[in-house]
Structure formats: C-alpha cells, structure tokens
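A look at the structure
For reference, the chains in residue letters:
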Amino acid sequence: MANRTDPAAKSIRGTNPQNLVEKIVRSKIYQNTYWKEQCFGLTAETLVDKAMELDHIGGTYGGNRKPTPFLCLVMKMLQIQPEKDIVVEFIKNDDYKYVRVMGAFYLRLTGIDSDIYRYLEPLYNDYRKVRRKSPDGNFILTHVDVVIDELLTTDYSCDIAIPRIKKRWTLESLGALDARKSVLEDDFEEEEEKDENEQDGLEEEAAHEKQDYYRGRSPVRDRERDYRRDSHRHRDRDYDRDRDYDRERGRGRDRDRDRDRDRDRYRLREEKGYGYERDRDREREGRERDRRDRDHGRRRIRSRSRDRKRHAHSSMSPRRHEAEDGNPPEESKKKKGKKEKKDDGTDHPDPEIAEANRIRASLGLKPLKL
C-alpha cells in the first residue's frame, strides 16, 4: 500500500506517474531505508519540510546503486502528484536552492512543453552553487543554471530518462510560446538610447558647422589654414635637420667604406698567399707520390722480368742462350742497365738535371739530354 500511486492522481504521458522512473531504480528506491522511514505518509504540505533538509542532489551511487534522498523525494512527488501551484512555488522559492531544483526536476518529468520553457528558462539566471553526488559516491560542485541546462538539453539526468520535448522555435512558430526575453534587454535598450542621443548631438554639431561655413566663418577653413602654416614651418625645420643628418651619415658611410675596403684587401692578400703555398705543397706531394708509384712499378716490372729470365736460363743451356743473345749474360745486363739509364735520365750526375728529369717524367715529358 505504501508504494501505490494516489488514486486521485492523473496519468502522465499515458502511464502511471511512477512508471517515469525505470523499474530497477524504482525497486531500489522502494527497498531504501530513507524511503521507508522518512517518506512514509508524506503529503504535499509535509513534503516541503523534507525538501528543505536536502543538502545535495543526485541519482544512484555506490556499488549497489543506492538512491539519494533527492531521488526518493522526487519519487514521492510522482506518487502523491501535488498540484501545479505547489510545484510552481517550489520553483519560485529563492531561499532554498535544493527545493527549487527538485520542483524544476518534477516539472520537467510531468509538465507540458510550454510550461517547461516558461518556468525553467528564468532559472538560467540562478548561479548559486549546489552539491551533487556522483555515481562513485563522491561529491562534486555544480550550479543551478548548469542543472537547468542539463534538464532542457539532455535526455538523461540523475539516472532517470527524461521525456522528449519540442524545440523552442517550433513552439514559437505554433504560437504556443512567446519569444524569449533576455534579462539584459533593459540594459541593451539603455545603450541604444545613449547611442541615439550621441548620434543626434553629432548631427546637430555638423549642422551648426555647415551654417557657420556659409556665413563666412568657417572653423574648418581656419583649421586647414593653421595646419598648412604649421606644416610648412615643420617641413623647413625637418629639411634642415635631414640635410645635416645626411651629411654626417655620408661621412660615416665613407669611413666605413674605406675601412671595409682595407679589410677586404688584407684578407684577399692573406688568402692568396695561403692558397699559393697550399697549391705548391699539394703539387709537390703529388709529384712525390707519382715518383714513388713509378719507382714501385719499375721495381715490380724488373723483378718479374728477372724471374722470367731466370726461369728461361734455367730451362735453356748456356750455349743456346749465348747463341740466341749473341752476348754473354753479364754484357747484356750491362747494356740494358746503360740503356735504362739513358732513357730515364733521373740518375744524371748533375742533381739539378736529375730533379728536372723527375719532374718532367711525372708530367709525361721527355727527359733533358745534356
């Protein structure tokens, strides 16, 4: 009997008002201790006292999803279904913010679309802080206007699915709702009046100046004449100052140009001398490397020819060898050595001629014959 809806209550959206809360959440509310002890036998008059004792809002929390007292009182309002005037008084209550939030939540569940926008939109100007219990059991800080925005813009709040409503512009087009009036509209009107007065004053001043101009007393013409006179005076002064500045700057520029020219000449001289020495050293190293490679190749060729001749001498008889060569082996070696000395020219008795022959040999030229 304690969980039954009031027999005089009307159906909301074609169903029992308590059915607006899901069955699982509804069963947890019925099993809660606060529901059994504090909400039993409450009426519309005594419900206000319990709502004034609230210190937070929220749905269910904890591992077993325990309902909050706020949710239990909303369920009790759905059960007894108080009159619309009482709900409106809940919403208009400025002293107790949790009573206001509970009335707004109940109206959002059971009211029609036009009443929801008409009574809940003014609460956007309530910026008071309220505590809200999160599903993990901790308290978070929010504001009344944030809760109202959640009720008007979302489909789920405090673990209860909120019924859908029409958009505001649809209701305005149907004529069921007036255009929304902002609280700052009066301030906007004052600012517009002030701007209009300033504009009128400027137009009057412009009209007076125009009259003075046609009467021969033109303040604009006087200002232009004074401006031209001052501009000529400042132009002459600026011309003298700029001429002196250009003269000093030209002298400084000449000094800087001479200094840069001397520095570049000295740097070029150093770079040129360093480059000449570096090229000369590189050329000398190249000649020495070519001479080493050439001597190494000559020694290798001599060793190969010596091995080949030794092998040939070992395979041939001494007589045959002498018959083919026509000379003894010692004489042929002496002639060959003399011939190589004559062709190379690097072992000339004169060291200068020998050095010149080495250089000419590295460059691919014929040796000097002196």
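Let me sum up the structure you'll find in this document. Not measured: the values here are computed from a predicted model.

Let's shift gears to the overall build of the protein chain. For the protein chain, the count of helices and strands is 14 helices and 7 strands. Taking all 370 residues of the protein chain together, the buried fraction comes to 29%. Relative to all contacts within the protein chain whose residues are 6 or more apart in sequence, the contacts with residues 24 or more apart total 60%. For the protein chain, the accessible area works out to roughly 26800 Å², and carbon and sulfur atoms hold 49% of it.

Moving on, we get to a nonpolar patch on the surface. A contiguous nonpolar surface patch, about 270 Å² in accessible area, is contributed by Ile359, Leu363 and Leu365. Relative accessible area serves as the criterion here: at 59%, Leu363 is assigned to the exposed category.

Moving on, we come to the sheet that holds strand S1 (residues 57-58). One open sheet accounts for 3 strands, arranged S1-S4-S5; its pairing is mixed. The open sheet terminates on both sides in strands that have one partner only, identified here as S1 and strand S5 (139-143). Bridge count for S1 against strand S4 (residues 129-133) is 2 bridges, and the pairing is parallel. Note on S4: the bridge partner recorded for Gly58 is Lys133. Contacts from helix H8 (residues 144-153) reach S1, S4 and S5, with the element oriented near 85° to S5.

Next up on the list: the nonpolar core. Counting residues in each nonpolar core, the largest one holds 52 residues, and the members touching the most others are Phe70, Leu73, Met102, Phe105, Leu120 and Ile148. Elements with a minimum of two residues in this core: helix H1 (23-30), helix H2 (33-37), helix H3 (46-52), helix H4 (69-80), helix H5 (84-92), helix H6 (97-110), helix H7 (113-120) and H8. In this structure Phe105 touches Phe70, Val74, Leu151, Ser157, Cys158 and Ile160, once residues within four positions along its chain are discounted.

A separate point is H4. Here H4 is 12 residues long and its end C-alpha atoms lie 17 Å apart, about the 16 Å a rise of 1.5 Å per residue gives. When you tally the buried positions in H4, you get 11 out of 12 residues, the bulk of the element. Three or more residues of H4 are buried, namely Phe70, Leu71, Cys72, Leu73, Val74, Met75, Lys76, Met77, Leu78, Gln79 and Ile80. Gln81 lies just past H4 and shows a positive phi near 50°.

Time to look at the packing of aromatic side chains. Under the defined criterion, the tally for this structure stands at 2 aromatic pairs. Here Tyr30 and Trp35 contribute two aromatic rings whose centre-to-centre distance is 5.8 Å and whose plane-to-plane angle is 50°, an arrangement assigned as tilted. Summarising the burial analysis for this pair, Tyr30 and Trp35 share the class buried. The residue whose ring lies beneath Arg131 is Phe139, and the NZ or CZ to ring-centre distance is 4.5 Å.

Turning our attention to the environment of Gln18. Among the structural elements, Gln18 can be located in the segment before H1. In this structure Gln18 comes out as buried when scored by relative accessible area, which is 3%. Along the sequence, Gln18 and Ile80 sit 62 residues apart, while their C-alpha atoms lie 9.7 Å from each other. One polar contact links Gln18 to Thr5, side chain to side chain, over a distance of 2.7 Å.

Glancing now at the side chain of Glu150. Its place among the elements puts Glu150 in helix H8. Its relative accessible area of 17% is what places Glu150 among the buried residues. Side-chain polar atoms of Glu150 contact the side chain of Ser157, separated by 3.1 Å. If near-sequence neighbours (up to four positions away) are discounted, Glu150 is found in contact with Arg132, Tyr156 and Ser157.

On to the pattern of salt bridges. Applying the stated criterion to the full structure yields 14 salt bridges. For Arg132, the salt bridge goes to Glu150, with nearest N and O atoms at 2.8 Å. Placement of the pair is Arg132 in strand S4 and Glu150 in helix H8, with a sequence separation of 18 residues. Between Asp155 and Arg164 there is a salt bridge whose closest N-O contact spans 3.8 Å. Assessed through its relative accessible area of 41%, Asp155 is described here as partly exposed. In this structure Arg164 comes out as exposed when scored by relative accessible area, which is 67%.

About the cut-offs
Residues numbered from 1 in each chain as written. Predicted model: local features only at pLDDT ≥ 70, side-chain atom pairs only at ≥ 80, totals over all residues. Heavy atoms only, no water. Helix = DSSP H or I, 4+ residues; strand = E, 2+ residues; numbered from the N terminus. Buried < 20%, exposed > 50% of the residue type's maximum accessible area, 1.4 Å probe, protein only. Contact = heavy atoms within 4.5 Å. Areas by Shrake-Rupley, 256 points an atom, 1.4 Å probe, with all protein chains shown as cover. Patch = residues over 30% accessible without salt bridge, like charges linked within 9 Å, V, L, I, M, F, W, Y side chains within 5 Å. Salt bridge = Lys/Arg side-chain N within 4 Å of Asp/Glu carboxyl O. Pairing = 2+ DSSP bridges. Axes fitted to C-alpha atoms, helices over the stretch in contact; angles between N-to-C directions. Core = buried A, V, L, I, M, F, W, Y, C linked by side-chain atoms within 4.5 Å. Expected span 1.5 Å × (residues − 1). Phe/Tyr/Trp six-rings, centres within 6.5 Å; stacked < 30°, edge-to-face > 60°. Lys NZ or Arg CZ within 6 Å of the ring centre and 35° of its normal. Polar contact = N/O pair within 3.5 Å; in protein donor to acceptor, adjacent residues only side chain to side chain.

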